[in-house]
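Structural overview
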Amino acid sequence: MSGLLGRLRAPRKSPTTTSNPTFDQNGHMGMAATPGVNAGIHTQGDYFQQSAQPPPQPQQDRPLYLCQPFVKAALVKGSFKTIVAPPKYVDVNEWVAINIFDFYNNLNHFYGAIVEFCGPHQCQTMSAASGLDFTWPDQNKRQVSLPASTYIDYVMSWVQRLLEDESVFPTKSGRDFQPSFPSTAKHIYKQLFRIFAHIYHAHFNEILHLSLEAHFNSLFAHYIAFGREYDLLDAQDTRELRTRGGGVMWLTDRWAEMGILEGGEK
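Residues numbered from 1 in each chain as written. Predicted model: local features only at pLDDT ≥ 70, side-chain atom pairs only at ≥ 80, totals over all residues. Heavy atoms only, no water.

Before going further, it helps to examine the overall build of the protein chain. The helix and strand inventory of the protein chain stands at seven helices and seven strands. Mapped from its N terminus to its C terminus, the protein chain presents α and β elements in the order β-β-β-α-α-β-β-β-β-α-α-α-α-α. Every one of the 266 residues in the protein chain was classed for burial, and the buried ones make up 51%. Considering only contacts in the protein chain between residues 6 or more positions apart, those separated by 24 or more positions represent 76%. Of the roughly 12,400 Å² of accessible surface on the protein chain, 51% is carried by carbon and sulfur atoms. (Helix = DSSP H or I, 4+ residues; strand = E, 2+ residues; numbered from the N terminus. Buried < 20%, exposed > 50% of the residue type's maximum accessible area, 1.4 Å probe, protein only. Contact = heavy atoms within 4.5 Å. Areas by Shrake-Rupley, 256 points an atom, 1.4 Å probe, with all protein chains shown as cover.)

The following block contains the structure:
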């Protein structure tokens, strides 16, 4: 990874400010000096019973990213399975680290393209589906709702600091990954997934306006395929999205049917 981190640009900043968050490498976050707990999920009204299944979604009510021709828009033809396998003789941790860096960098560019539409007035919550918001722990470990721009800036700043931390993402010869790296990688993956989910839910119109749907779909399909291959996806987030109406999980189901992703959700 030597030389890669120098090309990383700082994430776009929200026009609003709140208390500065603190993070550790395992993704525990807070808005005070003491790190909080993992950011959670809030559903409007009572918490949705996971055994309840949503009714089939009428075609006219489907989000645009689930409709033709946008659901098929992609730069890559065929399955992503072949491009997530590590090259021969490459350490798996090194392969995961390089890909996390690339996913972060590419997602950061997409967010930069739509950030002016994701201000605190346009996106008052970190929404990912109808009635489902991701929440943030305050200094008392209570889950609070934040504007999406604030939530995303916190996440991107945290990931950038981890990428620049030689003890977490070693770039020098002779430095090994810590035993906690798989857990750290999974926490990063969880938070980046939430940003993908928010952009699809709240900003796919802007993605279409910029003619970026094929690029964004390809990045997300690669992200999901890689996450499945290395068990990096957060089961609670994907389960909640599916039970709350599908969201991007219905998109991954469609891609599995089309052969872009192999198999259904694990």
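Text resumes after the structure shown.
With their axes 11 Å apart at the nearest point, helix α2 (residues 92-114) and helix α5 (residues 213-229) run at an angle of 150° to one another. Here α5 runs roughly antiparallel to α2, going by the angle between their axes. Both α2 and α5 take part in a crossing whose hand is left-handed. Between α2 and α5, the residues in contact are W95, V96, N99, F103, N106, L107 and F110 and H215, F216, L219, H222, Y223 and F226, respectively. Residue composition of the contact of α2 with α5, grouped by class: nine nonpolar, four polar and no charged. (Axes fitted to C-alpha atoms, helices over the stretch in contact; angles between N-to-C directions. Parallel < 35°, antiparallel > 145°, perpendicular 65-115°, else oblique. Left-handed = near helix turned anticlockwise from the far one by under 90°. Nonpolar A, V, L, I, M, F, W, Y, C, P; charged D, E, K, R; others polar.)

Running from N to C, helix α3 (residues 148-163) and helix α4 (residues 181-209) cross one another at 150°; their axes reach a closest spacing of 11 Å. In terms of orientation, α3 and α4 fall into the roughly antiparallel class. The crossing of α3 and α4 is left-handed. Contacts between α3 and α4 involve A148, Y151, I152, V155, M156, W158, V159 and L162 on the former and, on the latter, T184, H187, I188, Q191, L192, R194, I195 and H198. By residue class, the composition of the contact of α3 with α4 is eleven nonpolar, four polar and one charged.

Just distances and angles here, no functional claims.
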